[in-house]
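An overview of the molecular structure
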Amino acid sequence: MTKLKTHMGRRAFIKNTSLASGGLVLGFSILNSCKSEQAKEMAVREMPKEWFEMNSYLKIGDNGVVTIYTPNPEFGQNIRTSMPMLVAEELDVDWKNVLVEQAPYHADKYGFQFTGGSRGISARWEPLRMAGATARQMLIAAAAETWQVPKEEVTAEAGVLQHAATKKSAGYGEMASVAATLTVPEEVQLKEVKDFKLVSRSQKNVDAKSIVTGRPLFGMDIQEEGMLIAMIEHPPAFGLTLKSVDGEAAKAMPGIKDVVTIKSFKDGYEKGGFDTNAFPELVAIVGNSTWEVMQAKKKLKVEWQPITAYSETIAGFGGKQTINIPAGLESTTTHKSKMEALAAKPGKVVRKDGNPEVAFKNATKILERSYSAPFLAHNNMEPLNAFAHVAGDKAKIAAPIQIPSFIIPTIASSLGIPKENIEMDLPRMGGGFGRKAYAHFVVEAALISQKVNAPIKLVYSREDDMTNGIYRPTYHATYRAAFDENNNLTALHVKAGGVPESPLFANRFPAGAIDNYMAEEWTIDSNISIGAFRAPRSNFMAGAEQAFLDEVAETMGKDAIQFRLDLLKRAKENPVGERNDYDADRYAGVLELVREKSAWKENDATKHRGVSAYFCHNSYAAHVLDLKMENGKPVVEKVVCAIDCGVVVNPDAATNMAEGAITDGIGNAFYGELTFQDGVPQKNNFHQYQMIRMKEAPKEIDVHFVQNKIDPTGMGEPPFPPVFGAVANALYKATGQRHYSQPFITKKEVVG
Amino acid sequence: MAIFNLNINGETKEVDVDPATPMLWVLRDHIKLVGTKYGCGIAQCGACTVHLGDNAVRSCQLPVSAVGEQKITTIEGLSEHGDHPVQKAWLEIDVPQCGYCQAGQIMSASALLKRNPNPSDEEIESAMNGNICRCGTYTRIKKAIKTAASSENV
Ligand code: FES
Ligand code: FES
């Protein structure tokens, strides 16, 4: 048994009486007004008369119904099911008696409410189980006290407390009032993985019924009394800023209340790493309804002017960092030529093993290939939005965002109110993929509400969303491999860069498996805002690396999977260097599993298959992708996928995520692209930006998990990056041509 | 502005709006039925799909003035208890990820099954091709449509 001190979430376990009366008590409760179908159904069945709060994650009703507050915001990974499962497992309660409620932002009670970096489950693995286990222990203590029997003899299972010797028995609900008054135990025992009854067994999405019946769940769905609709007008090009606005014509339009300008940051404010914002000065238009505001927005007369170059210090995740923002209007063609020029020059050496220069000099053969990928827009189905009601020095906000704690200081500073006066609800996000980690739009909503002195919902149009992006950067990588006279691989050299960040991971495979290795990087400054996009940097490097390794294997006449396994064997048995960031065994494990499940045959001429494997977010994923050409178009027939992410909490939900990652990867590999001309994004809606649709999605996806008892690691991102390599490698088999530059298909099909 | 009496989910709703207002915004902002979603506003994503009579239409392209007496069904009115065979199949297959596109997907799928109770894969793909799912749930959507098709009373 794992005994754990409860100190690590101790503040979270301190009871807060204001919550004891139930519900999300925040004075206002947007999310409560959109009670879930689950809650409605249970209300009909059995709603307790009284709730007893055991800790900030759970309360137990007098009839045994349990409410679990799920701490992290949801954007589709189904953590609103899997996180409460962790609590319920240790509490040992019947899942049917569990109600899930979304916790509001509250750092003291819920810790780091961060949805991103595939860290949700791994970061919550212990604290949430501990919340359940401590409550269970308190219930046991309450029963022991009530029955006057030793604690050790009381069992608690499936919501029932029992004392065998005296045949006493009570539901959790009956003991909850006593349990809630007891002190939190100093230590708790967590279950062993093998004893799980709920975790690792697929549970249905707790929100599915609300979703399929159209209940209001999303930020976009919020309707409050007296709420106005706001939209913003941002510069049409990166590199421009607001000069002046004439809002008279717009204001004269029906339903329009006001036209205001806002400034997202106070002068001198030190930004955090997620305060990214290319357009901090905006025009906002506020009116009664979305359609009216959309119409009036067209009447705004705004003048824009070029920005001047500047540098700023950002307090990011990895400490303070200075970034340079150049002036000017950038174009994709210029980016490309600049990238090619830098790729041809020496970069900054980040890692060097052995003597790559000599190995390349002595090589009998050198294989050199360059890969590139464009900027990508996130294109979440739900455009950016936020609700804000600022009144005096208080703000009530509902923000569909990934990292609430990171934007609170900015909101407080920009509004000029104390942080403590901001209440924030976390409605469901209609997709996130990294974009909603950058919550500038919440600051904008708050500032607009403050200016017009009314509750407002800020709504971005699709065009605003796509052209005011925090994009996946454009990248470039050159790989070189040296071979000796026996066709053995003797050295590998990677040089990668991008606008404005480098995608390189110098210590990832195949580093560690090759005696002579060098990794270099370079960057080009830009004023186009960029940020995290599902598996940042990996989403490019995996494709480049795995496509290159495929060509290396082919050059050596080796089977693509066996070649990778041979390298991993080397990395395991006799690793080169000490900083290799992957576990060669687990890496090989997913390749072996995918080889078995896909019935992979060496040099199989009957299928056009591509294999690819990658490690990121502490997990391992491998795909075998089968593709055929039909009327000149690639059709993905089947993808077999193997993942090692440790214990899988909710297998069917994880499978859904992997299927989504594969489809997303194929879509972006084939079609994903945003280009710029003189600072202007060249696509602004789905008639121009091609998204993968059902016709292009794989006909079949078959997901397998490596079974082990390792604490959970990332899941949302890891299956995504290797898709790009699998697509490239299968495309080569199907067409005889290697594809080096994404998107692989550029012809757009118009769908209506 | 003009007054319209609309038949929404079997109830008459009166709204006073600009005749050019798309049904999407009439539903969301004026009738407060927010299950119908805004995704693109230009008939490219399908998030706003509703039924006009028995047909799936993009409500972002349907001005309120064009509706007249035709019946409109939204996701909220597809069934009384969320038990339309398509909704049931969606639950059985546990289709949604973020869920934002799913109302539109379900409205397209239910209209398809009404006119073609036993669609082929190709027919499903064609009928559903106007509905984007950014989360990539297409394989599950297809499976759910087949599940619904094989159940009775579509
Ligand atoms: S919002 Fe109507 S099709 Fe996208
Ligand atoms: S489930 Fe997220 S867009 Fe379809």
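Residues numbered from 1 in each chain as written. Chains lettered and ligands numbered in written order. Predicted model: local features only at pLDDT ≥ 70, side-chain atom pairs only at ≥ 80, totals over all residues. Heavy atoms only, no water.

1. Observations concerning the overall build of chain B
When its secondary structure is counted, chain B shows five helices and five strands. Moving toward the C terminus, one meets the helices and strands of chain B in the order β-β-α-β-β-β-α-α-α-α. Relative to the 2.2 N^0.38 estimate, which gives 15 Å for 154 residues, the radius of gyration of chain B is 15 Å and therefore close to what a compact globule would have. Along the first, second and third principal axes, the C-alpha atoms of chain B reach 45 × 30 × 25 Å. The buried share of chain B, taken over its 154 residues, is 62%. In chain B, of all internal contacts separated by at least 6 residues, the share reaching a separation of at least 24 is 54%. As presented, chain B carries roughly 5,600 Å² of accessible surface, and 45% of it is formed by carbon and sulfur atoms. Across chain B, 14 positive and 17 negative side-chain charges occur, with their mean positions spaced 6 Å apart. (Helix = DSSP H or I, 4+ residues; strand = E, 2+ residues; numbered from the N terminus. Rg over C-alpha atoms; globule rule 2.2 N^0.38 Å. Buried < 20%, exposed > 50% of the residue type's maximum accessible area, 1.4 Å probe, protein only. Contact = heavy atoms within 4.5 Å. Areas by Shrake-Rupley, 256 points an atom, 1.4 Å probe, with all protein chains shown as cover. Lys, Arg positive; Asp, Glu negative; His and termini not counted. Charge placed at Lys NZ, Arg CZ, Asp CG, Glu CD.)

2. Side note on the environment of lysine 607 of chain A
Residues and elements named next belong to chain A. By the element assignment, lysine 607 lies in the loop between helix H19 (584–597) and strand S26 (609–616). Lysine 607 sits in the partly exposed class, given a relative accessible area of 37%. Measuring from C-alpha to C-alpha, the distance between lysine 607 and lysine 733 comes to 8.2 Å, with 126 residues separating the pair along the chain.

3. Let's talk about helix H1 (residues 23–30) of chain B
Residues and elements named next belong to chain B. The buried count for H1 comes to seven of eight residues, which makes it a mostly enclosed element. Those residues of H1 lying buried are Met23, Leu24, Trp25, Val26, Leu27, Arg28 and Asp29. Two residues or fewer past H1, lysine 32 is found with a positive phi of approximately 65 degrees.

4. Overview of the domain arrangement of chain A
Interface size is often expressed as the accessible area that is lost when the parts come together. Residue and element names in this part refer to chain A. We note that the domain assignment places domain 1 (2–212), domain 2 (219–310 + 384–459) and domain 3 (346–376 + 471–735) within chain A. Here domain 2 and domain 3 have C-alpha centroids that lie 38 Å from each other. With 11 residues of domain 2 at the contact, the number on the domain 3 side is 15 residues. Taken together, both faces of the contact between domain 2 and domain 3 bury some 900 Å²; the carbon and sulfur share is 63%. One can count zero salt bridges joining domain 2 with domain 3. (Domains from an automatic or database assignment. Buried area = accessible area lost by both parts, 1.4 Å probe. Salt bridge = Lys/Arg side-chain N within 4 Å of Asp/Glu carboxyl O.)

5. Regarding the sheet that holds strand S19 (residues 385–391) of chain A
The strands making up a sheet associate through hydrogen bonds between their backbones, and the pairing can be parallel or antiparallel. Residue and element names in this part refer to chain A. The strand order across the open sheet formed by seven strands is S12-S13-S10-S22-S19-S20-S21, and the pairing between neighbours is mixed. Looking at which strands have only one partner, the edges of the open sheet turn out to be strand S12 (256–263) and strand S21 (422–425). Neighbour-to-neighbour, the strand axes of this sheet turn through a mean angle of 25 degrees, independent of strand direction. With seven bridges joining them, S12 and strand S13 (residues 281–287) adopt antiparallel strand pairing. (Pairing = 2+ DSSP bridges. Axes fitted to C-alpha atoms, helices over the stretch in contact; angles between N-to-C directions.)

6. Overview of the packing of aromatic side chains
All names here are of chain A. Evaluation of the coordinates by the stated rule reveals 28 aromatic pairs over all chains. Here phenylalanine 265 and tyrosine 269 contribute two aromatic rings whose centre-to-centre distance is 6.3 Å and whose plane-to-plane angle is 15 degrees, an arrangement assigned as stacked. For phenylalanine 265, a relative accessible area of 12% gives the class buried. Among the residues examined, tyrosine 269 registers a relative accessible area of 23% and is labelled partly exposed. Positioned above the aromatic ring of phenylalanine 483, the side-chain terminus of lysine 365 is 5.8 Å from the ring centre. For the cation-ring pair, arginine 480 lies above phenylalanine 360, with the distance from its terminal atom to the ring centre recorded as 4.0 Å. (Phe/Tyr/Trp six-rings, centres within 6.5 Å; stacked < 30°, edge-to-face > 60°. Lys NZ or Arg CZ within 6 Å of the ring centre and 35° of its normal.)

7. Some details on the environment of methionine 381 of chain A
Examined against the element boundaries, methionine 381 of chain A turns out to sit in the loop between strand S18 (365–373) and S19. On a C-alpha basis, the gap between methionine 381 of chain A and lysine 338 of chain A in space is 33 Å, while along the polypeptide they are 43 residues apart. Those residues in contact with methionine 381 of chain A that lie beyond four places of it in its chain are Gly430 and Arg462 of chain A together with Tyr38, Gly39, Cys45, Ala47, Tyr100, Cys101, Ile132 and Arg134 of chain B.

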